[in-house]
Amino acid sequence: MILAASNALQYVFFAVLAGTLLLQIVPSTHRPALSIPFAVPAAAAALLPVVSFVPIAQLSWTVAAGREVPFFEALKRILAQYEVGQSWVVLFVLSFFLIGIFILFFHSTSMPRAAAVVGIVLIIGMIGALSASGHAANATSLIGGTLHFFH
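A tally of regular secondary structure across the protein chain gives 7 helices and 0 strands. Its helices and strands taken in sequence order, the protein chain reads α-α-α-α-α-α-α from the N to the C terminus. A buried classification covers 36% of the 151 residues belonging to the protein chain. Of the accessible surface of the protein chain, which amounts to about 8800 Å², a share of 74% is contributed by carbon and sulfur atoms.

Right, here's the structure in full:
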């Protein structure tokens, strides 16, 4: 249940981030007059690694119980050696940079176009990181990861 909720929240957070940044690329004369509070995209960028951590935590508990090792030792191993852990680390780092872009450049009605484009590139990187470690990528590598990316 919690895994399904975390996956659903991932989609919501990605939608908020992508929508906010895509609107910033559209010239102000052609977009609706919206005032997006700073807290909305900043919270989405900050909470995305949190909800994406749920499968890592569940896997850590499973590994810790199966190998009879402490949870944090299992977590350290997963983050360093497992593909799912490494892709979460990439997502975390990219999210950190995205939060920095929002702090430096985001205003409720406008944002420099270049900053919005960089933010979209970071989002694409985060989606790619999650796709590279998804079930489809594990089943058929490049094709599965690509299909999961576009899903």
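With that out of the way, let us pick up the side chain of S60. With respect to the helices and strands, S60 occurs in helix 3 (residues 54–67). Ignoring any residue separated from it by four or fewer positions in sequence, one finds S60 in contact with F71, A74, L75 and I78.

Right, let's talk about helix 6 (residues 113–132) for a bit. Over its 20 residues, helix 6 runs 29 Å from end to end, which matches the ideal 28 Å to within 8%, given 1.5 Å per residue. For helix 6, the set of buried residues is A115, A116, G119, I120, L122, I123, M126, A129, L130 and S131.

With that out of the way, let us pick up the nonpolar core. By size, the foremost hydrophobic cluster in this structure holds 24 residues, and its most contacted members are L17, L21, L98, F102, M111 and M126. Secondary-structure elements contributing two or more residues to this core are helix 1 (2–25), helix 2 (39–52), helix 5 (83–105) and helix 6. By residue number, the principal contributor to this core is helix 6, which donates 7 residues. Discounting residues that sit within four places of it in the chain, F102 has contacts with L17, T20, L21, F38, P41, A45 and M111. Judged by nonpolar contacts, the second largest core, of 8 residues, contains V63, L75, I78 and W88.

Reading guide: rules and limits
Residues numbered from 1 in each chain as written. Predicted model: local features only at pLDDT ≥ 70, side-chain atom pairs only at ≥ 80, totals over all residues. Heavy atoms only, no water. Helix = DSSP H or I, 4+ residues; strand = E, 2+ residues; numbered from the N terminus. Buried < 20%, exposed > 50% of the residue type's maximum accessible area, 1.4 Å probe, protein only. Areas by Shrake-Rupley, 256 points an atom, 1.4 Å probe, with all protein chains shown as cover. Contact = heavy atoms within 4.5 Å. Expected span 1.5 Å × (residues − 1). Core = buried A, V, L, I, M, F, W, Y, C linked by side-chain atoms within 4.5 Å.

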